[in-house]
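Fold and contact review
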Amino acid sequence: MVHSAYDSFELLNNCPTKIETIESYGAKLFLGCSDGSLRIYGPESFGFDRSPPSSPHALELRKESYVLERAVNGFSKKPLVAMEVSGTRELLLSLSESIAFHRLPNLETIAVITKAKGANVYSWDDRRGFLCFARQKRVCIFRHDGGRGFVEVKEFGVPDVVKSMSWCGENICLGIRREYMILNATNGALSEIFPSGRIAPPLVVSLPSGELLLGKDNIGVFVDQNGKLLQEGRICWSEAPKVVVIQKPYAIALLQRHVEIRSLRVPYPLIQTVVLRNICHLHQSNNAIFVAVDNSVYGLFPVPLGAQIVQLTASGDFEEALALCKMLPPEDASLRAAKEGSIHIRYAHYLFENGSYEEAMDQFLASQVDITYVLSLYPSIVLPKSAVLPEPEKLMENVWDASHLSRGSSGVSDDMESSPSLQLSESEENAALESKKMSHNTLMALIKFLQKKRYNIIEKATAEGTDEVVLDAVGENFASYDSTRAKKSNKLAHQGRINMAISSGARETAAILDTALLQALLLTGQSSAALELLRSLNYCDIKICEEILQKRNHHTALLELYKCNGMHRDALKLLHQLVEDSKSDQPQSELSQKFKPEMIIEYLKTWPLCAIEPMLVLEFSMLVLESCPSQTIDLFLSGNIPADLVNSYLKQHAPNMQAMYLELMLAMNEHGISGNLQNEMVQIYLSEVLEWHADLCSQGKWEEKAYSPTRKKLLSALESISGYNPEGLLKRLPTDALYEERAILLGKMNQHELALSLYVHKLHIPELALSYCDRVYESIPHQTSGNIYLTLLQIYLNPQRTTKNFEKRITSLVSSQNTSIPKVSSGSSVKAKGGRSAKKIAEIEGAADMRVSLSSTDSGRSDGDADEPSEEGGSSIMIDEVLDLLSRRWDRIHGAQALKLLPRETKLQNLLPFLGPLLRKSSEAYRNLSVIKSLRQSENLQVKDELHDQRKTVVKISSDSMCSLCNKKIGTSVFAVYPNGKTLVHFVCFRDSQSMKAVIKSSPLRKR
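Here the residue numbers are simple positions, counted from 1 along each chain's written sequence. Since the coordinates come from a predicted model, pLDDT governs what is reported: local features require at least 70, and pairs of side-chain atoms require 80 or more to be given and counted, while whole-chain, interface and lining totals use all residues. Note that the side-chain values use all heavy atoms of the structure and ignore hydrogens as well as water.

1. Quick word on the overall build of the protein chain
Short version of the rule: In this description a helix means any DSSP run of H or I spanning at least four residues, a strand means any run of E spanning at least two, and both kinds are numbered starting from the N terminus. When accessible area is computed with a 1.4 Å probe and restricted to protein chains, residues below 20% of their type maximum are described as buried, those above 50% as exposed, and intermediate ones as partly exposed. Throughout, a contact is declared for two residues whenever any of their heavy atoms are within 4.5 Å. Per-residue and other accessible areas were derived by the Shrake-Rupley procedure at a 1.4 Å probe size, with only the shown protein chains allowed to occlude residues.
Along the backbone of the protein chain there are 36 helices and 30 strands. When each of the 1008 residues of the protein chain is scored for burial, the buried share is 47%. For the protein chain, restricting intrachain contacts to residue pairs at least 6 apart in sequence, the fraction spanning at least 24 positions comes to 55%. Total accessible area on the protein chain stands at roughly 52,000 Å², and carbon and sulfur atoms take up 51% of it.

Here's what the structure looks like:
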């Protein structure tokens, strides 16, 4: 779009001869005329200044009339073809019949390159001091040696006459008639680029970046230093240019009838056309472009960037205006940001009204405008009350006020400041516009805008929340916070989020953004994206979002809203209601999915809900306990809810599930369940078994060997666990039934004799008695546990004595309040419990230490046997069970004590299964001990022999033997030898060293 980038100003118009070439040096103009003279012009103001600047090259061309300062006639014999000033070297290079160098500012001739006679084109590399020129079909390269001379470097031949040339790095780009080529300045190799145009001659223009612009008729093609085409496009001039100069951000071309100015930004649009007649030359200075028209010189001075930006914005060319903003000087960074922001906002409004919604949001994003301004374009989006929506008109005015300031600093005239381009009025905001603003495309653009802004805003909001938690923890407060604000944080947060009262700028902005984003997602039908938003860290306004979600029946999203804000009771109530609605025969049509009771279980498993709100979990788990018993129990067993709390809650609300919970809890971790819970479970089993026993007794069907599933569980629990109270359970057992349970409980109380008597005389199952003895033997040390088999042996040998007053002993044991009876322990030792049986067991324990020998085996009966009448050894003795016990457990029974208990009339032949392996084992042990004894004696002899050898050590003392401590000769003094047998010391030295060590060890350490 056309705008005024340069202002044309006539610098001089009275040159007496035709101008052939033109150059600038600081603020002065050098004109090469057709008569071979050099005319120097300076600003008219210099004539009134008595102290002209001492460094004119540091000045710029001035926008004022120029007057002649000096005329150098005969500067060259022929008219000058071209001139160039080297500012860094203070040289003036001129091309006429040859190439000459003059020192500035006095124009002293320092070098004339005679080899350049007949040259038609040249290129000067000011940075390296290299000169290349073309003469006929030759290209020569010279180097400035830093003084007054030039050194020839290379000379190469080319295919044809060179029409245009320019340095490109260390190579040279040549325009040869109808073709462009790259000449390697080192070896002269030529590489073709592409043909030039058919109408205009070749034109090579060097860019500031080091790249090249090659002319092909009216098209300018960009190539790199190696001649490779670039992808930035092509400049299309209105006609083939004669000369092209680059002054960022524009390319200025001299055409037949005018000067054309185009932008260097793709697609290189036309910026301005300057019409001047008979233009012959165009040249670039440090701050302007000047053109020669016959006998006159015009200057094209750049319009200040601020004024150009205003023009472009007013005409709607926002992209070009933004590009110019980037060229503002760094010292105007704040003004540059204000300009860019205002342009982005105006550009966004322009795009929004023309239907380019995503592009409009990109401009809003680049402007860094507050999101509330963008949301003001969407009146149907409900925002929190804390959000203050700005009016677009006022914001536009404020933005342009800032741009006026920057324009003033950039030299913009006052008449350009009041050029508005886009103004929103209330009359334009009609119903059709509102409908368009809430269309699907506009909402999609808004969603992308909010998502791009969201990351930084949420990060700042989270940081503020973290700082507040830390300061609250140490007892500090933010001064800016309201003193009445509730300093309360939710115990629960999604993924560690702490949901606080929003009272800071960043969190207010985050709340506005998330609330608007959720609404936009719902309005565009992106329910899944809305769920993802709620499941992640968010700051959605609860009241607004709750109302919207309820109105639109987005139940799943509403659940996530409650969940992420710690409103678990509300979420569970809603979920329970949805489950009930799904169960109804006619489900509500608004339910988008079927809700199952398992969803409540999954919600209750949310961490750390079970640990923080166990009562809430228990309360709502009862609602689904009947429909999902196993899943509910799994929830309880997760370990996050205290087992005692679950048990008491189940006992009150669901007693039928209590046993199942305790069973699974015990199966998971026997040691993780408390003794109270173990006792509770056993009591539940016992109660069911007693009810079952009572029912069978009332029907006359009770049998001691009958087992129900609950009774099996009871027996297994009594044997496997140890945390219950056996005394309390024993009191509940009937006296005439459940003997197996009674036996196990008596065993837990260490009443082994009574327990074995029940197995033998009540249950009549010797195998159970033997298994009982095995369990006791394996659970306690073998030195004492072996007596349990002797106790069973006594019961077999004296059945009448063990059954006498049996019931009375058990009753007295149960009714006794002796607190010394320990709780159940699998590792308890066997202790005597009164009566003559206690005496017998004590004798057996004392005999356990006796050595096994033949004499002890034949030593007759024990004292207990002597006290019993001989009639008890009659036919009532369970001799078969005795022999079976001895043969099966011979390795666990003390042989001598067992033989003492047997009756005298026992046949030795019947004892062979017992005595045979026992004697073999004793003999083997005797042999092994004998071998060990011999080995010990041999080892003792070896040690004695080694001691004897050590005592035979010989030490030679000669006249040269020296004391290792004092380094004096031993002589005839008393000496000592160290254990290595080589170190000799005086005995006095050794004694002194030992006493010194003792003193050092006893002295206290000094603190350093």
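2. Quick look at the pairing of strand β27 (residues 289-293)
The following threshold applies: When DSSP finds at least two bridges between two strands, those strands are taken to pair.
Among the five residues in β27, five count as buried, and that is most of the element. Across the two faces of β27 the burial is the same, with Ile289, Val291 and Val293 and Phe290 and Ala292 all buried. Pairing of β27 with strand β28 (residues 296-302), which is carried by five bridges, proceeds in the antiparallel orientation. Bridge assignment links Val291 to a residue of β28, and that residue is Tyr298. Connecting β27 to the antiparallel partner β28 that follows it, the hairpin turn spans two residues, and Asp294 within it adopts a positive phi of roughly 55°.

3. Thoughts on the packing of aromatic side chains
Where we set the bar: Pairing of aromatic rings covers Phe, Tyr and the six-membered ring of Trp, with a centre-to-centre limit of 6.5 Å; geometry is then stacked below 30 degrees between planes, edge-to-face above 60, and tilted otherwise. When the NZ atom of lysine or the CZ atom of arginine is within 6 Å of a ring's centre and also within 35 degrees of its normal, the charge is said to sit over that ring.
A complete count under the given rule lists 18 aromatic pairs for this structure. Here the aromatic rings of Tyr6 and Tyr250 are separated by 6.1 Å at their centres, their planes lie at 65°, and the arrangement is edge-to-face. Linking Tyr6 in strand β1 (residues 6-12) with Tyr250 in strand β23 (residues 250-254), this pair joins segments that are 244 residues apart in sequence. Comparing Tyr6 with Tyr250 shows no difference in burial state: the two are buried. Seen in terms of ring centroids, Phe352 and Tyr357 are 5.3 Å apart; in terms of plane orientation they differ by 75°. Their pairing is edge-to-face. Each member of the pair Phe352 and Tyr357 is classed as buried. In this structure an aromatic cluster arises from ring pairing among Phe101, Trp124 and Phe150. We note Arg128 situated over the ring of Phe130; from NZ or CZ to the ring centre the distance is 4.5 Å. Here the guanidinium or amino end of Arg128 rests over the ring plane of Trp167, the centre of that ring lying 4.9 Å away.

4. Details of the pairing of strand β19 (residues 212-216)
Residues in a regular strand point their side chains to alternate faces of the sheet. With respect to burial, β19 is a largely interior element, four of its five residues being buried. Bridging between strand β18 (residues 203-206) and β19 involves four bridges; their strand directions are antiparallel. In the sheet register, Val204 faces β19, and the bridge partner there is Leu214. Between β18 and β19, which follow one another and run antiparallel, lie five residues, and Gly210 among them has a positive phi close to 100°. Of the pairings in the sheet, the one linking β19 to strand β20 (residues 219-223) comprises five bridges and is antiparallel in character. By the bridge assignment for β20, Leu213 is matched with Phe222. Count of turn residues in the β19/β20 antiparallel hairpin: two residues, of which Asp217 carries a positive phi of about 60°.

5. Regarding the sheet that holds strand β26 (residues 279-284)
To be explicit about the condition: Axes, fitted as lines to C-alpha atoms, cover a helix only where it is in contact. Angles between the N-to-C directions of the axes lie from 0 to 180 degrees.
Read from one edge of the open sheet, four strands run β1-β28-β27-β26, paired in antiparallel fashion. Only two strands of the sheet have a single partner each, and these edge strands are β1 and β26. Each neighbouring strand pair of the sheet contributes to a mean axis angle of 25°, computed without reference to strand direction. Where β1 lies against β28, six bridges are found, and the strand directions are antiparallel. Looking at β28, one finds that Asp7 is bridged to Phe301.

6. Describing helix α11 (residues 542-551)
Rules: The arc in question is traced by the directions running from the helix axis to the C-beta atoms. Polar contacts here mean pairs of N or O atoms no more than 3.5 Å apart (in protein, one a potential hydrogen donor and the other a potential acceptor; neighbouring residues in sequence count only if both atoms are side-chain atoms).
Here α11 has its buried residues at Ile544, Cys545, Ile548 and Leu549. Along the axis of α11, the buried positions cluster into a sector of 120°, meaning they face one direction only. Exposed residues on α11 whose side chains face more than 90 degrees from its buried face are Lys543, Glu547 and Lys551. For α11, the secondary structure elements touched by its buried residues are α9 (505-523) and α12 (555-564). A side-chain oxygen of the first residue of α11 lies 3.3 Å from the backbone nitrogen of Lys543; this N-cap is Asp541. Immediately downstream of α11, the backbone of Asn553 shows phi near 60°, a positive value.

7. Notes on helix α10 (residues 527-535)
When we look at burial in α10, the residues that qualify are Ala530, Leu531, Leu533 and Leu534. Projected down its long axis, α10 shows its buried positions confined to an angular sector of 160°, all on one face.

8. As for the confidence of the model for the protein chain
Parts of the model with low pLDDT should not have their predicted coordinates read in detail. We apply this condition: Every residue carries a pLDDT, the predictor's confidence in it, which falls somewhere between 0 and 100.
Overall, the predicted model of the protein chain reaches an average pLDDT of 78, with 80% of residues at or above 70. With pLDDT under 50 throughout, residues 397-429 is counted as low confidence; its partners more than four residues away or in other chains account for 52 contacts. Scored below 50 in pLDDT, residues 476-503 shows 53 contacts in the model against residues more than four places distant or in partner chains.

9. Here's the deal with the packing of helix α1 (residues 305-314) against helix α3 (residues 333-353)
Using the following cut-off: Small angles under 35 degrees read as roughly parallel and large ones over 145 as roughly antiparallel, with 65 to 115 read as roughly perpendicular and the rest as oblique. Nonpolar residues are Ala, Val, Leu, Ile, Met, Phe, Trp, Tyr, Cys and Pro. Charged residues are Asp, Glu, Lys and Arg, and all others, Gly as well, are polar.
Running from N to C, α1 and α3 point in directions that differ by 10°, and their axes come no closer than 11 Å. In terms of orientation, α1 lies roughly parallel with respect to α3. Listed contacts from α3 to Gly306, Ile309 and Thr313 of α1 are Lys339, Ile343 and Arg346. Of the residues contributing to the contact of α1 with α3, the split by class is two nonpolar, two polar and two charged.

10. So, the sheet that holds strand β25 (residues 270-275)
As summarised here, the arrangement of the four strands in space is β22-β23-β24-β25, forming an open sheet in which the pairing is antiparallel. With one partner strand each, in any of the chains shown, β22 (243-247) and β25 form the two edges of the open sheet. Taking each pair of neighbouring strands and ignoring which way they run, the sheet shows an average axis angle of 20°. Judged from the five bridges that link them, strand β24 (residues 258-263) and β25 form a sheet pairing that is antiparallel. Within β25, the residue paired with Arg262 across the bridge is Leu270.

11. Quick notes on the pattern of salt bridges
As a reminder, the rule being used: The salt bridge definition used is simple: a Lys or Arg side-chain nitrogen within 4 Å of an Asp or Glu carboxyl oxygen.
In the structure shown here, the tally under the stated rule is 25 salt bridges. Close ionic contact of Glu340 with Lys326 constitutes a salt bridge, the shortest N to O distance being 4.0 Å. Separated by 14 residues along the polypeptide, Glu340 in helix α3 and Lys326 in the loop between α2 (318-325) and α3 bring together distant segments of the chain. Measuring nitrogen to oxygen at the nearest pair gives 3.6 Å for the salt bridge that ties Glu532 to Arg535. Separated by three residues within a single helix, Glu532 and Arg535 lie in helix α10, roughly one turn from each other. For Arg535, a relative accessible area of 33% puts it in the partly exposed group. A single network of salt bridges, built from pairs that share partners, joins Lys115, Arg138, Glu152 and Glu155.

12. Section: the state of the cysteines
Put simply, the rule is: What counts as a disulfide here is a pair of cysteine sulfur atoms lying within 2.5 Å.
Under the defined criterion, the tally for this structure stands at zero disulfides. Lacking any disulfide linkage, Cys540 is separated from the closest cysteine sulfur, that of Cys545, by 4.4 Å. Unpaired in terms of disulfides, Cys966 finds its nearest cysteine sulfur in Cys963, a separation of 3.5 Å.

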